[in-house]
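# Examination of the molecular architecture
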Amino acid sequence: MTDTRGRGRNAPRVAGRRGRRSGSGSARTVAVKRVAPAEREPVVLPPVMSVTELAEKLDMGGIEVIRELMKLGIMANLNQQVDYATAAKVATELEWETLEEESAGNNAVANFEARRLESDQDPDATARPPVITIMGHVDHGKTKLLDTIRSENVAEGEAGGITQHIGAYQIERQGRKLTFLDTPGHEAFTAMRARGAQATDIAVLVVAADDGVMPTTREAIAHIRSADVPMVVAVNKIDLPSANPDRVKQQLSEAGVMPEEWGGDVPLVEVSAKDGHGIDDLLEVLLLVADVHELKANPDKIASGVVVEARVESSRGAVATLLVQSGTLNLRDVIVAGSTWGKTKAMFDDHAKRVRRAGPSMPVEVLGLMDVPQAGDTFMAFEDEKAARQLAEQRQAQRRIQSLTDNRPVKLTELYDQVQEGTTAELRVILKADVQGSLGAIQNALLKLNDETDQSVQLSIQFSGTGAISESDINLASTTNSIVIGFNVRPDVAAKRMADVTGVDVRYYSVIYGLLDEVKLAITGLLAPIFEDVTDGYAEVRDTFKLPSNDVVAGLYVLDGKVPRNSRARVLRSGTVMFEGKIASLKRFKDDVREVAAGYECGLGLEGFNDLQVGDQIEFLHTEEVART
């Protein structure tokens, strides 16, 4: 028998199959020589995938992929979503070349943009109703003006008399239709007002005759200009005794809006939403401006437009208010709105009447979407249901990529640094609102607070959505140590019970600026406190005494304020600080006292300082926390 044990450690092994030696019952292991890997084709990866899907694409185990992600500082589980850029880094480390998958929805996206461009340049387009946006400062009477035009009571339903989300309404005057978008006037709704300006043909700037041009009025002017749409000024509340339209015109000219009667190009109409004065004149001016700009669209094409508002209703599901900008939307049409799609099961006009079709510039409420789109999303009808689904999936993938970019997994190094430095305070918020438009406006306003307050405190929105506050929202708040903010929504029974049990702070609001003010106070409360020295009193050393313990005490005369026992003492000699420290003893005659007022004498001993001299001034002070602003 040949013995192989004497072979050197580095001697080559013989490649072969594992088997049994002939004539022996013992097995021996024979190493298999590695063959150089064959050249592999690049792996095609989608824009977004789970760790499990990435592992399957790379023909690797999920644990191995997770290990590579950890090397990149990303903690992930098998169900964690990663974008293409992250997946490509992992694949490169595992010696794979990658290509990004061409989504089937790309063609749908290209077709969508081409059709929108085509609709803008359609030679067969005919005249359509103008879309008019009411804009201006809070409480200047925008909703009341529209209320008077529609002869319906809309304003009284608004919380605090302030419009909370966009509404779309259509009226008929002189046999012609006009579509109005009623946008909120409060500055917290900047994003919504901007969205309204971009979707409109004519902007009506409402200015109160007694109040004049306000900061939000100037902001509205800027949005109208950026939207490049014609402007008409409605000077409202002309019926009030304090009305001063000439002052309003002067302020408008200073803001760069020159009325026509002053030689400018902006029509100005004096109106009273209360008694109806000037309303007919305003509508005539709007129709005239529409004629000048020759607003057109082709009603025979497939519909496209913008999502004005969207929400969830328990009895009807996803409800979207759509403004048709081109073509005609028909019942049973398949539409894509933002990143969702569906078939229009029912349509309602602004009077809640069922309709079967909606032409250009007509607002309708639509039922049948799979999910709630975002206010401001574009929509388009499709003849092919498959193409609609592909476009929606493509947009969903794009939004997932965006969310991964905005909220990427926490890196261990960054988390460690923040914890070690202890410099970051955070207010975490879970936000629920009644409609999507309000939700977006509140989110923007809250995140804007991060720029307005101390950078050591950051506000982060852990979750946001529409509908009632649910039990899962309270669970998330409890887990993430967040507060829950509800805007025009309340918790259900289970959520209320859980909030009581867990102690989660739930706040309810119906007016935006009240919400912002309270959150700003909460952020201020989280800031690292400022401490300032507050002087309690002054005393002068009149004599010194040496005790048997060799400690020196001083006989003081309190000049001003008082000398509390728990104050700090600052010894000043010719204006120079000689010592600052604790009081060891404070006595009146032979009795220990808690405090000595001005005009009295006392004895004082200091901890660790015996160099007191006659004539020294001693300042007594304590530290107070000062509120941050």
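Higher on the page you've got the structure.
Residues numbered from 1 in each chain as written. Predicted model: local features only at pLDDT ≥ 70, side-chain atom pairs only at ≥ 80, totals over all residues. Heavy atoms only, no water.

Okay, the pattern of salt bridges next. Inspection of every chain in the model, using the stated rule, returns 22 salt bridges. The salt bridge involving aspartate 533 is made with arginine 568; its shortest N-O contact spans 3.4 Å. Note that aspartate 533 is positioned in strand S27 (residues 530-546) and arginine 568 in strand S29 (residues 568-573), a separation of 35 residues in sequence. The partner of glutamate 595 in a salt bridge is lysine 562, with the nearest N and O atoms 3.7 Å apart. Of this pair, glutamate 595 sits in strand S32 (residues 595-597) while lysine 562 sits in strand S28 (residues 552-564), placing them 33 residues apart in sequence. The exposure class of glutamate 595 is partly exposed, given its relative accessible area of 46%. (Salt bridge = Lys/Arg side-chain N within 4 Å of Asp/Glu carboxyl O. Helix = DSSP H or I, 4+ residues; strand = E, 2+ residues; numbered from the N terminus. Buried < 20%, exposed > 50% of the residue type's maximum accessible area, 1.4 Å probe, protein only.)

Here helix H3 (residues 84-93) has its buried residues at Tyr84, Thr86, Ala87, Ala88, Val90 and Ala91. In this structure, the buried side of H3 is in contact with strand S3 (43-45), strand S4 (48-50), helix H1 (51-57), helix H2 (62-71), strand S5 (81-83) and strand S6 (98-100). Glutamate 95 sits one or two residues past H3 and shows a positive phi near 65°. (Contact = heavy atoms within 4.5 Å.)

Spatially, the six strands close up into a barrel ordered S15-S16-S21-S19-S18-S22, and their pairing is antiparallel. Adjacent strand axes in the sheet meet at a mean angle of 45°, parallel and antiparallel pairs treated alike. (Pairing = 2+ DSSP bridges. Axes fitted to C-alpha atoms, helices over the stretch in contact; angles between N-to-C directions.)

This paragraph deals with the environment of leucine 621. With respect to the helices, strands and loops of the structure, leucine 621 is situated in strand S34 (residues 617-626). In this structure the C-alpha to C-alpha distance between leucine 621 and arginine 570, which are 51 residues apart in sequence, comes to 7.8 Å.

Here we come to the side chain of serine 567. Within the element layout of this structure, serine 567 appears in the loop between S28 and S29. In this structure the side chain of serine 567 is engaged in a polar contact, spanning 2.6 Å, whose partner is the side chain of aspartate 536. If we ignore the near neighbours within four places in the chain, the residues touching serine 567 are Asp536, Ile583, Phe620 and Leu621. (Polar contact = N/O pair within 3.5 Å; in protein donor to acceptor, adjacent residues only side chain to side chain.)

Honestly, that's just the spatial picture; any functional story needs more than this.
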